[in-house]
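# Chains, contacts and geometry: an overview
Below, each chain spelled out in residue letters.
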Amino acid sequence: MTPPALFTPLTLRGVTLPNRLVVAPMCQYSVTEGVVGDYHLAHLGRFALGGFGTVLVEATAVTRDGRISHGDVGLWDDGQVEGLARVVSFLHSQGTVAGVQLAHAGGKASTHRPWDGEGPVTPDTARPGEDPWPTVSASDVPLGEGWPQPHALGTDELAALVADWVAATRRAERAGFDVVEVHAAHGYLLNQFLSPLTNTRTDAYGGSPAARMRFPLEVVAAVRAAWPADRPLLVRVSAVDGAADGTTLEETVAFARELAALGVDAVDTSGGGIGGGWAHPIGYGYQVPAAAAVKAGSGLPTMAVGLLTEPAQAEAVLATGQADLVALARAAQDDPNWPLHAARELTGSYDAWPVQSGPRLASRDRLLTSIDPWTGPDPVQLAPPRT
Ligand SMILES: Cc1cc2nc3c(=O)[nH]c(=O)nc-3n(C[C@H](O)[C@H](O)[C@H](O)COP(=O)(O)O)c2cc1C
């Protein structure tokens, strides 16, 4: 039997992803001063045990001020390498490819953890010891109603930020990561340069689509140069902004062509983050057409993401050639064993399961078949009486 497309490997440069299922980056807002510990080992480790071929660590700040919140993971300091190296080591022990999303929040920095409230932290709403900090962006355009005015970065500051991305990339290498993803989506700093809604600059970094791409491309080129040649580099884009007068799909395809020329290996095609809401209908797999357009227009492999929830649906995305990888966020949180369940559903066997559990589950299935239908006592009666 031909294996499902979801369970075929993909080689990008010197790294072979064992299957096409990727855990999308997911901020947990759960660390102090950017240092990961046991929580992340368990949180990310369970996805490796659950059969995801690749796990991408959440948005990881390249500077302290580039964090979304005080709880973000970071790689702005050498002291942050060790905790991530422990996670990488565990992922590798399970044959899982380890990636990290490098990020700078720009004008969307200094926000609450989502469970503490929406939007930016203010002196009144800050947790003790977690003051808000001034933010930076392409222009001094607030990211939305009620957001502070960011400082518009000068060209010397842009050069310093490129150096920060490079330093974080080198730390990612020291932590042992196989894949780096540059976060240029969801309204964060690089997206703020790309979008006409947040980039009103009149210098070489603003105006035409080509000028708006300039800084993100400088970052990507520098990261590519610093990242080992045998390891893949991904870029996450917002194919379209959250408002109809924002970035267009055509601009994103043009951006992806430039990324291809710089040696980027795949585009993680997401959307939104600037402009308030969502300008396009949302449904199952709503961003798959954008992944297909970016793939067709740039020739780069793409990763589809967004409300991919069913094995047959994810399989069809690959089988129809719309994308090369499938990333899950909420579905992975809901079921960290999603790939194992998908393999069982699509192949009828437990072969993809870890040796510690697959054979035992197969024998349980045989046992259950042999005693089906249920003929024993009412299972409710078997429960010990409550005292
Ligand atoms: C808890 C959570 C945290 C997220 N954090 C990030 C992040 O760090 N970086 C990022 O690019 N996207 C982040 N996202 C977006 C997801 O990666 C993904 O693109 C989005 O949730 C749509 O996929 P889904 O429908 O499978 O959840 C996050 C999503 C969730 C649910």
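Coordinates for the structure precede this section.
Residues numbered from 1 in each chain as written. Predicted model: local features only at pLDDT ≥ 70, side-chain atom pairs only at ≥ 80, totals over all residues.

Despite not being glycine, Tyr29 shows a phi value in the positive range, around 50°. The phi dihedral of His186 falls on the positive side, at around 60°, and the residue is not glycine. Counting through the fold element by element, His186 comes out in the loop between β9 (179-184) and α4 (189-194). Here His186 falls in the buried class, since 22 other C-beta atoms lie within 10 Å of it. (Helix = DSSP H or I, 4+ residues; strand = E, 2+ residues; numbered from the N terminus. Buried ≥ 20, exposed ≤ 12 C-beta atoms within 10 Å, placed from the backbone.)

With that settled, the discussion passes to the pairing of strand β10 (residues 233-238). A regular strand carries its side chains on alternate faces of the sheet. Of all 6 residues that make up β10, 6 are buried, and the element is covered over most of its length. Judged by which residues are buried, β10 turns out to be covered on both faces: Leu233, Val235 and Val237 on one side and Leu234, Arg236 and Ser238 on the other are all buried. Pairing of β9 with β10 involves 5 bridges; the strand directions are parallel. In the strand pairing of β10, Ala184 is matched with Val237. Bridge analysis of β10 against strand β11 (residues 266-270) gives 5 bridges, and the strand direction is parallel. The residue of β11 that forms the bridge with Leu234 is Ala266. In terms of handedness, the path from β10 via helix α6 (residues 249-261) over to β11 forms a crossover that is right-handed. (Pairing = 2+ DSSP bridges. Right-handed = clockwise from strand over helix to strand, strands pointing away.)

What follows covers the site of the ligand. With respect to spatial proximity, 20 residues lie near the ligand, and among them Ala24, Met26, Ala59, Ala329 and Arg330 are the closest. Listing elements by their share of the shell around the ligand, those giving two or more residues are β4 (54-61) and α9 (330-334). Grouping the constituent residues of the shell around the ligand by class yields 12 nonpolar, 5 polar and 3 charged. (Near = placed C-beta within 6 Å. Nonpolar A, V, L, I, M, F, W, Y, C, P; charged D, E, K, R; others polar.)

As a further point, take α6. In a regular helix each residue adds 1.5 Å, so 13 residues correspond to 18 Å; α6 covers 19 Å between its end C-alpha atoms and thus fits that length. Listed in full, the buried residues belonging to α6 are Glu251, Thr252, Phe255, Ala256 and Leu259. The arc that holds the buried residues of α6, viewed along the axis, is 140°, so those residues lie on one side. Those residues of α6 that are exposed and aimed more than 90 degrees away from the buried face are Glu250 and Ala261. For α6, the secondary structure elements touched by its buried residues are α4, α5 (209-226), β10, β11 and α7 (288-298). Where α6 terminates, the next one or two residues include Gly263, which has phi positive at roughly 95°. (Expected span 1.5 Å × (residues − 1). Arc of directions from axis to C-beta. Contact = placed C-beta atoms within 7 Å.)

Everything listed here is a matter of coordinates, which is why it stays silent on function.
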